[in-house]
Amino acid sequence: MSIHLSAQNDYTQYYNLINRGYTEYANKEYQKAIEIFDMAFSNYYPFPDDVNMLKKCYLAIDNKQKAYETMRRMVLCGFKLESSIPLVNSNTALEGYRTDTGSGDSILEQKLAQEYPKLRAEYLKNIDWESDQYLKILTHFEVHTSLMRKKCTTTEQDQMIGDYGFGVEKEMFMNLMASQKNVSRAITDTWTSNEMEVVIIHTSQSTTKEDYELYFNLLKEQVLKGNISNVQYAVCYDNYLYRHDQASYYGQQIEFNPQTGSLKCAPIDDIKHVDKRREEIGLPPLWVWGKISNIELPEEYKMN
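Just so we're clear, the structure is a prediction, and the values are computed from it rather than from any experiment.

Moving on, we come to unusual backbone geometry. Even without glycine at this site, Asp62 takes up a positive phi of about 60 degrees. With respect to the secondary-structure elements, Asp62 resides in the loop between helix 3 (48–60) and helix 4 (64–76). Overall, the relative accessible area of 59% leaves Asp62 in the exposed class. Positive phi outside glycine occurs at Asn294, with the angle close to 60 degrees. Among the structural elements, Asn294 can be located in the segment after helix 12 (286–293). For Asn294, a relative accessible area of 62% gives the class exposed.

To continue, consider a nonpolar patch on the surface. On the surface, Ile254, Phe256 and Leu263 cluster together into a nonpolar patch covering about 260 Å² of accessible area. Along the chain, Phe256 turns up in strand 3 (residues 254–257).

Take the nonpolar core next. Ranked by internal contacts, the top residues of the largest apolar core, which has 75 residues, are Tyr14, Phe37, Phe173 and Leu219. Here Phe173 is in contact with Leu138, Trp191, Met196, Ile200, Thr203, Tyr215, Leu219 and Ile228, once residues within four sequence places are set aside.

Turning next to helix 4. The terminal C-alpha atoms of helix 4 lie 18 Å apart, and with 13 residues this matches the ideal 18 Å at 1.5 Å per residue to within 8%. Residues Ala67, Tyr68, Thr70, Met71, Arg72, Arg73, Met74, Val75 and Leu76 constitute the buried set of helix 4. Where helix 4 is buried, its residues meet helix 2 (30–43), helix 3 and helix 5 (106–124). Two residues or fewer past helix 4, Gly78 is found with a positive phi of approximately 110 degrees.

Parameters and conventions
- Per-chain numbering applies: the sequence of each chain, read as written, is numbered from 1 onward.
- Totals for whole chains, interfaces and linings use every residue, but because this is a predicted model, local features are given only for residues with pLDDT of at least 70 and side-chain atom pairs only at 80 or more, for both listing and counting.
- For the side-chain quantities, the full set of heavy atoms in the structure was used; hydrogens and water were omitted.
- Only DSSP runs of H or I reaching four residues or more are called helices, and only runs of E reaching two or more are called strands; each is numbered from the N terminus.
- Three exposure classes are used, based on accessible area relative to the maximum for each residue type with a 1.4 Å probe and protein chains only: buried under 20%, partly exposed in between, and exposed over 50%.
- A patch is a set of surface residues, each over 30% in relative accessible area and not in a salt bridge, joined within 9 Å for like charges and within 5 Å for the nonpolar side chains Val, Leu, Ile, Met, Phe, Trp and Tyr.
- What sets the accessible areas is the Shrake-Rupley method with a 1.4 Å probe; for residues, cover comes only from the shown protein chains.
- The term salt bridge refers to a side-chain nitrogen of Lys or Arg lying within 4 Å of a carboxyl oxygen of Asp or Glu.
- The criterion is simple. A nonpolar core is a set of buried Ala, Val, Leu, Ile, Met, Phe, Trp, Tyr and Cys residues joined through side-chain atoms within 4.5 Å.
- By the convention used here, residues are in contact when the closest approach between their heavy atoms is within 4.5 Å.
- Helix span, as expected, comes to 1.5 Å for every residue beyond the first.

What follows is the structure, given as structure tokens:
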């Protein structure tokens, strides 16, 4: 089974389709959602998280055979069972993160775990390791910075190494994004790793008033190319605003609600038009995200 497609230059239509698929899922129109996801995946190299949503659709209609086929497809799109993330407050520099696809079906997960090495080997046949090395440098640098921070004995040392390390990492990332090197997700393995996800988070958090606009413009180009998802972009942009005491733009920043013990949306700027802004980058309406992710929405939010 091979589903590897060449990456498209413009993922706008992909995001629009995925937007519709998530909305149909939230409305419990699972068959409609399946048809829309299939349409998107037949023309674009999908993100593993979106393939995972297709799996959830099949599980919702109790079609475990199709659900398992979709779990296999996740691996062939770069999903990794052995992914890890760099953490400072742990016994090792890298801490295990994923162990399954989150299906909730132990039989399907065990079956995938057994087949995983073969599927992973098939996926890796499509990887251009010369191109992937440019991304690997960033993840190695991320781990190195985490290791250095673990050696710190004071908060001041930790802050200094973090600021310097992630600042350099940001410059490396921006230079790579601005270059003409082909690091397409379709021919590299690192974009879909948790380590790379942390790189994007830390580099976006390291932006300054002088370079944040350039950084996020470069990041948006990667969204359009299908290397970074529109969700990743929105989360990082909103987090940047949040860290600078500003209301979120896309509604993706979350906070803990101590009164209910649940997660809730952080304050949103001009909330009346938030769904319009989300639509502009192919995100589903805020209520869809809230329903699927079990996030409390602001009382002043009105469904359009």
